[in-house]
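A look at the structure
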Amino acid sequence: QVQLVESGGGLVQPGGSLRLSCAASGSIFSIYAMGWYRQAPGKQRELVATVDSGGNTNYADSVKGRFTISRGNAKNSVYLQMNSLKPEDTAVYYCNAERVITPSGYREVWGQGTLVTVSS
């Protein structure tokens, strides 16, 4: 059973920073790409940022220049450094692992979500 466990969410004032972490556990041979998505109340889930096994990154326009995604040395973890946070960044942030190779084949895995609230 492959699981993603997120941490680092919380309440922060506008202009502040937070760092989200996500670690994959279970029988994993490799993970092609990991990323972060978010869902605000009443809105659809949207991509925030992804990073693949080659280190290539992709960001939503709304977070470019403010957020930085990175993978851990073991490639089974991913981080999201969020700076200059705005109230519109308030959402539940979900970690995603794409093309996870396990003994039983390929899988896509989602974390349970961590709430980020930006408010004064």
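Placed above this text is the structure.
The following refers to the structure shown. (Residues numbered from 1 in each chain as written. Predicted model: local features only at pLDDT ≥ 70, side-chain atom pairs only at ≥ 80, totals over all residues. Heavy atoms only, no water.)

**Observations regarding the pairing of strand S1 (residues 3-7)**
Only one face of S1 is buried: it carries Leu 4 and Glu 6, and the other face, with Gln 3, Val 5 and Ser 7, is open. Note that S1 and strand S3 (residues 18-25) share five bridges and pair antiparallel. By the bridge assignment, Leu 4 is partnered in S3 with Ala 24. (Buried < 20%, exposed > 50% of the residue type's maximum accessible area, 1.4 Å probe, protein only. Helix = DSSP H or I, 4+ residues; strand = E, 2+ residues; numbered from the N terminus. Pairing = 2+ DSSP bridges.)

**Things to note about the side chain of Arg 66**
Tracing the backbone through its elements, the reader meets Arg 66 in the loop between strand S6 (57-59) and strand S7 (67-71). Residue Arg 66 is classed as buried on the basis of its relative accessible area of 10%. Discounting chain neighbours no more than four positions away, the residues touching Arg 66 are Gln 81, Met 82, Asn 83, Ser 84, Leu 85, Lys 86 and Asp 89. (Contact = heavy atoms within 4.5 Å.)

**Regarding the sheet that holds strand S8 (residues 77-82)**
The strand order S1-S3-S8-S7 describes an open sheet built from four strands, whose pairing is antiparallel. Only two strands of the sheet have a single partner each, and these edge strands are S1 and S7. Recorded for the sheet is a direction-independent mean angle of 15° between the axes of neighbouring strands. Across five bridges, S7 lies against S8 in antiparallel orientation. Bridged to Ile 69 within S8 is Leu 80. (Axes fitted to C-alpha atoms, helices over the stretch in contact; angles between N-to-C directions.)

**With respect to the nonpolar core**
Ranked by internal contacts, the top residues of the largest apolar core, which has 32 residues, are Trp 36, Leu 80, Met 82 and Tyr 93. Of all elements in the fold, only S3, strand S4 (30-39), strand S5 (46-52), S7, S8, strand S9 (91-102) and strand S11 (114-118) reach the threshold of two or more residues within this core. A total of five residues in this core trace back to one element, the largest contributor, which is S9. Those residues in contact with Tyr 93, other than ones at most four positions away along the chain, are Glu 6, Leu 20, Trp 36, Tyr 37, Arg 38, Val 48, Phe 67, Leu 80, Met 82, Gly 113, Thr 114 and Val 116. (Core = buried A, V, L, I, M, F, W, Y, C linked by side-chain atoms within 4.5 Å.)

**Points about the side chain of Glu 6**
Mapped onto the secondary structure, Glu 6 falls in strand S1. In this structure Glu 6 is buried but unpaired, with Arg 45 as the nearest side chain of opposite charge at 7.9 Å. Only 3.1 Å separates the side chain of Glu 6 from the backbone nitrogen of Gln 112, close enough to count as a polar contact. Among the polar contacts made by the side chain of Glu 6, one reaches the main-chain amide nitrogen of Gly 113 at a distance of 2.6 Å. Apart from residues lying up to four places away in sequence, Glu 6 is in contact with Ser 21, Cys 22, Trp 36, Tyr 93, Tyr 94, Cys 95, Gly 111, Gln 112, Gly 113 and Thr 114. (Lys, Arg positive; Asp, Glu negative; His and termini not counted. Salt bridge = Lys/Arg side-chain N within 4 Å of Asp/Glu carboxyl O. Polar contact = N/O pair within 3.5 Å; in protein donor to acceptor, adjacent residues only side chain to side chain.)

**So, the environment of Ser 7**
One can find Ser 7 in strand S1. A C-alpha to C-alpha distance of 22 Å links Ser 7 and Lys 43, two positions 36 residues apart in sequence. For Ser 7, the contacting residues outside a window of four places in its chain are Arg 19, Leu 20 and Ser 21.

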